[in-house]
Structure formats: C-alpha cells, structure tokens
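Analysis of the macromolecular model
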Amino acid sequence: MSRVVVVGSVNADLLTQVAVHPAPGETVLGRSMSVLAGGKGANQAVAAARLGAEVAFVGAVGDDSFAGQATAGLRAAGVDLSALATVPGPTGIALVTVSADGENSIVVISGANAAVAADTVSAHAATVAGADVVVLQGEIPRAATETAARLARGRVVLNLAPVIELSPDVVRGADPGGQRARGPARAGAGRRPGCARRRPRGSGTRADLRRSDVRRHHPR
C-alpha cells in the first residue's frame, strides 16, 4: 500500500445555493445553506484514502466550532491526523455560493491554514521524508510548501491551486507523471511554473494519484 502524505489546507465550506448571484450592492435570498468539510489539501487526502492509499495529513485547524466539521471528511476516510495541529483562532473557511446554473463564487479565509509554517512541516520531517508520495497545493504559506517539497524523498505531486509564487527548484522537482526530476535536463526547463507535465502515452503504470490530486470529495 502506498504511503501518501498531504501537506496543505483544511477548511469548513459554508455552501449557499441561490437562484442567481447578487450584483454588487444587491441582496438576494438563498435557497439553502450547509457546512461541509473542504480545503484543497483535505480533499486530496480524502480522495487518496478512498482510492486505497495509507494517508497522513500535515496542517492546522483552529480552536473554534468549525474545526470538527472541517475534519469530518478526513476522519471518515481514515486519514492519519496525528500531524494536524490545533492553533488559537479560527479554522479556515470557504464561503461558497452556487447559482442555479452551476456557476460558483468562492471567498477563502485562510484562518489556521496561515499558521502552517516551515517549522510546522519540519516538526514532521520524518513523516514527509518517509512518504512514497507527497501532495501539495497553494492554500498554505509558501515556506511550508517549499519545506515539504525539499524534505520529500518520494514523488512530489504539486497541484498549484491557487497559483502562488514558489522557488523554481520546487516547481521543477514536482513530478505528477512518475519518477521525480533530478536536475534541469529532466525537470522540463522552460515549462511555465505551475503547469503539470504531460505524461507520455504508454509509459510505465498508471499514476496512483492521477485523479485524486484534482478531485474534490464534494461539489463546490
């Protein structure tokens, strides 16, 4: 069984459904509101666990009432949360509005995710270094993402969403298609930072996380 470590965000998603999105200054009535477990990192971890991987999560939640709701999906999927910190203040929140035609608008309040620092990740260096696959995104501070990438000894999957600035060596070292790149000749020098490399057809086995690093465990 593959050992996957996700270093990233965990949010409580406040999902509101409306007929149409309000214009600036306009108030509209919503159809429903629900609180769901979310966060790009948490969604990746849940997806990997549901596909059969052994998954651990490195991140942070706040000490508020949303922490339990934000981590409900992780716990249900059996993700190891021993490296999930609880910090003073609010848990990350995503305010999600979905209209009847399926268009959405999202405002993310980082909350505890902003407290995931390089030191937070370094405290779990053995966990990150021991993973077969380390999965990263852009919803935690840059220093934490870069630290995780440099500690990794296995494959690094970088789903750079939202797009943030990262050191070129971190972007080049991420390898969604197979073996990690070892130097500029194999790193795809000249690729636009944040763009995933296409995997050659017929090369090797199917990637374990080809779907899980982009699929959420609930619609947003």
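This text follows the structure it describes.
1. Quick notes on the overall build of the protein chain
A tally of helices and strands in the protein chain yields eight helices and nine strands. In the protein chain, which comprises 220 residues, the proportion classed as buried is 44%. Taking the contacts inside the protein chain whose residues are at least 6 apart along the sequence as the reference set, 65% of them involve residues at least 24 apart. Carbon and sulfur atoms make up 53% of the accessible area of the protein chain, which totals about 11,000 Å².

2. Comments concerning the sheet that holds strand 5 (residues 80-87)
Ordered by their spatial adjacency, five strands build an open sheet running 5-4-1-8-9, and the pairing between neighbours is parallel. Only two strands of the sheet have a single partner each, and these edge strands are strand 5 and strand 9 (155-158). Strand-to-strand, the axes of this sheet are offset by a mean angle of 15°, without reference to chain direction. Here six bridges tie strand 4 (residues 54-62) to strand 5, and the two strands are oriented parallel to one another. Bridge assignment links Ala60 to a residue of strand 5, and that residue is Ala85. In the packing of helix 1 (residues 40-50) onto the sheet, contacts are made with strand 1 (3-7), strand 4 and strand 8 (133-136), and the angle to strand 4 comes to roughly 155°. With respect to the sheet, helix 6 (residues 142-151) is in contact with strand 1, strand 8 and strand 9, its orientation differing from that of strand 8 by roughly 165°.

3. Quick look at the sheet that holds strand 7 (residues 104-109)
The four strands lie next to each other as 3-2-6-7, forming an open sheet whose pairing is mixed. Every interior strand has two partners, whereas the edge strands, strand 3 (30-38) and strand 7, have only one. Adjacent strand axes in the sheet meet at a mean angle of 15°, parallel and antiparallel pairs treated alike. Examined bridge by bridge, strand 2 (residues 11-18) and strand 3 share eight bridges and lie antiparallel to one another. Residue pairing across strands places Leu15 opposite Ser34, the latter belonging to strand 3.

Basis of the calculations
- Residues numbered from 1 in each chain as written.
- Predicted model: local features only at pLDDT ≥ 70, side-chain atom pairs only at ≥ 80, totals over all residues.
- Heavy atoms only, no water.
- Helix = DSSP H or I, 4+ residues; strand = E, 2+ residues; numbered from the N terminus.
- Buried < 20%, exposed > 50% of the residue type's maximum accessible area, 1.4 Å probe, protein only.
- Contact = heavy atoms within 4.5 Å.
- Areas by Shrake-Rupley, 256 points an atom, 1.4 Å probe, with all protein chains shown as cover.
- Pairing = 2+ DSSP bridges.
- Axes fitted to C-alpha atoms, helices over the stretch in contact; angles between N-to-C directions.

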